[in-house]
Amino acid sequence: MWDFPLFPSQASTNAPRLDALMLFEVGVLIFFSLLIGVLVVGFGIRFRRGNAVDRSNPPTHSQSMEVVWIVIPMILSILMYAWSTQLFFDLYEAPADAAQVDVVGKQWMWYLQHPQGRSETNELHVPLGRPVKLNMTSQDVIHSFFIPAFRIKQDVLPGRYTSLWFQPSKVGVYDLFCTEYCGTNHSNMIGKVYVMEPADYEAWLSEKGVGPSQAEEGERLFVQHHCAGCHRGSQTVHAPKLEGVYGKPVPIQDGKDVRFVTADDRYIRDSILLPQGEVVAGYEPIMPSFKDQINEPDLLKIIAYIKSIANRETSQ
Ligand code: CUA
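Below, the structure is looked at part by part. (Residues numbered from 1 in each chain as written. Predicted model: local features only at pLDDT ≥ 70, side-chain atom pairs only at ≥ 80, totals over all residues. Heavy atoms only, no water.)

## Let's talk about the nonpolar core
Ranked by internal contacts, the top residues of the largest apolar core, which has 28 residues, are Phe222, Tyr267, Ile268, Ile272 and Ile302. Broken down by secondary-structure element, the contributors of at least two residues to this core are α4 (214-224), α5 (227-231), β11 (249-254), α6 (265-273) and α7 (296-308). In terms of residues, this core owes the most to one element, α7, which gives six residues. No fewer than three residues from each of domain 1 (99-206) and domain 2 (214-308) sit in this core. If we skip the residues at most four places from it in the chain, Tyr267 touches Val250, Ile252, Val261, Thr262, Glu278 and Val280. Membership of the second largest hydrophobic core comes to 25 residues, among which are Leu134, Tyr174, Cys178 and Val195. (Core = buried A, V, L, I, M, F, W, Y, C linked by side-chain atoms within 4.5 Å. Buried < 20%, exposed > 50% of the residue type's maximum accessible area, 1.4 Å probe, protein only. Helix = DSSP H or I, 4+ residues; strand = E, 2+ residues; numbered from the N terminus. Domains from an automatic or database assignment. Contact = heavy atoms within 4.5 Å.)

Have a look at this one:
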């Protein structure tokens, strides 16, 4: 049987759009390659040595021809630029209502954490027709997260969060690859993505019983690592409260000046691992670093907890 698909199946809403752009660009490429190739070969044969043709050196300048070969390629290039830029933004800008799944890459596996609490390795279960945002980081070296059927790929870097999003459009099982050489077993760093009917997905989430959510786990770690001791209204230690902080601008003491940074995942992560870096104005730099004490999945849980109290009033 002929089983050599040139294209992976189109299983996300953006996949057909990306393929359309690629086919258009390949079409333009083939058209001009053929045009130039045929002309080169044709003239080569026609004007070969010994062939009786007119060699009287006709005029070398044709304005209309010049206009044609400037204007047509320019229109095509601008079209391709605008089209791909639009698509690029759509591919990397997750919709606001996307459900977030956290991803940690490490030699040589993928760890995936759903907000409802269930986690999995080298498998990703997602519901059909709903946008999913992946928030990704690495515990060691650079990996790259690639789902060909969704036409998405993004490097996964240590010490930093990168993201991807997709909206599955077809139920099925699809390949998941690490696509950045990351060591001996790079080629084994693969997995499967299961796109399920929403009802099946809900059932899958609670298959192993309804455990604590990611944010609840984060709160447990928040207490376990003694964060709560200072950040929940200590009598002796002056530390900022974290209710209502996520997503808001935070004043940072920068020498004599105060600047503002947004309390996003990056800021919270850095505040836990490099607490001396960006100290909130009006507070002493007394927080110890938790570097090498909290692993990446747990950091993501603590961030999920701080995110979950974003709408809570400060208890002061
Ligand atoms: Cu991880 Cu290649």
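Read on, since the account is not over.
## A look at the packing of aromatic side chains
Per the counting criterion, the structure on display carries 11 aromatic pairs. For the pair Phe150 and Tyr174, a centre-to-centre distance of 5.8 Å together with 55° between the ring planes defines the contact as tilted. Taken together, the residues Phe150 in the loop between β6 (143-147) and β7 (152-156) and Tyr174 in strand β9 (residues 172-178) connect sequence positions 24 residues apart. Every member of this aromatic cluster is reached through a ring pair, and the members are Phe88, Phe89 and Tyr92. In this structure, Arg46 packs its charged tip against the face of Phe47, placed 5.4 Å from the ring centre. Across from the ring centre of Trp204, 4.2 Å away, lies the NZ or CZ of Arg118, which sits over that ring. (Phe/Tyr/Trp six-rings, centres within 6.5 Å; stacked < 30°, edge-to-face > 60°. Lys NZ or Arg CZ within 6 Å of the ring centre and 35° of its normal.)

## Focus: the layout of surface pockets
Computed from the structure, the largest pocket encloses a volume of approximately 650 Å³. His231, Pro240, Leu242, Ser271 and Met287 are, among the 35 residues lining the largest pocket, the residues nearest its centre. Where the lining of the largest pocket is concerned, the elements lending two or more residues are α5, β11, α6 and α7. It is α6 that contributes the most residues to the lining of the largest pocket, four residues altogether. Residues of the lining of the largest pocket, tallied by class, amount to 26 nonpolar, five polar and four charged. Roughly 220 Å³ of volume is contained in the second largest pocket. Lining the second largest pocket we find 14 residues, and of these Gly159, Arg269, Leu273, Lys291 and Glu296 sit closest to its centre. Of all the secondary-structure elements, those providing two or more residues to the lining of the second largest pocket are α6 and α7. Ranked by the residues each element gives to the lining of the second largest pocket, the list is headed by α6, at three residues. Within the lining of the second largest pocket, the residues separate by chemical class into five nonpolar, four polar and five charged. (1 Å grid on protein atoms, 1.4 Å probe; cavity = no way out; pocket = protein on both sides within 12 Å on 5 of 7 lines; lining within 4 Å. Points joined across faces, edges and corners; volume = space filled by probe spheres on them. Nonpolar A, V, L, I, M, F, W, Y, C, P; charged D, E, K, R; others polar.)

## Considerations on the packing of α4 against α7
Where α4 meets α7, the axes come as close as 7 Å, and the angle between the chain directions of the two elements is 105°. Of the possible angle classes, the one that applies to α4 and α7 is roughly perpendicular. Together, Gln214, Ala215, Glu217, Gly218, Glu219, Leu221 and Phe222 of α4 and Asp298, Leu300, Lys301, Ile302, Ala304, Tyr305 and Ser308 of α7 make up the contact between the two elements. Across the contact of α4 with α7, the residue classes break down as seven nonpolar, three polar and four charged. (Axes fitted to C-alpha atoms, helices over the stretch in contact; angles between N-to-C directions. Parallel < 35°, antiparallel > 145°, perpendicular 65-115°, else oblique.)

Purely geometric numbers; function is a separate question.
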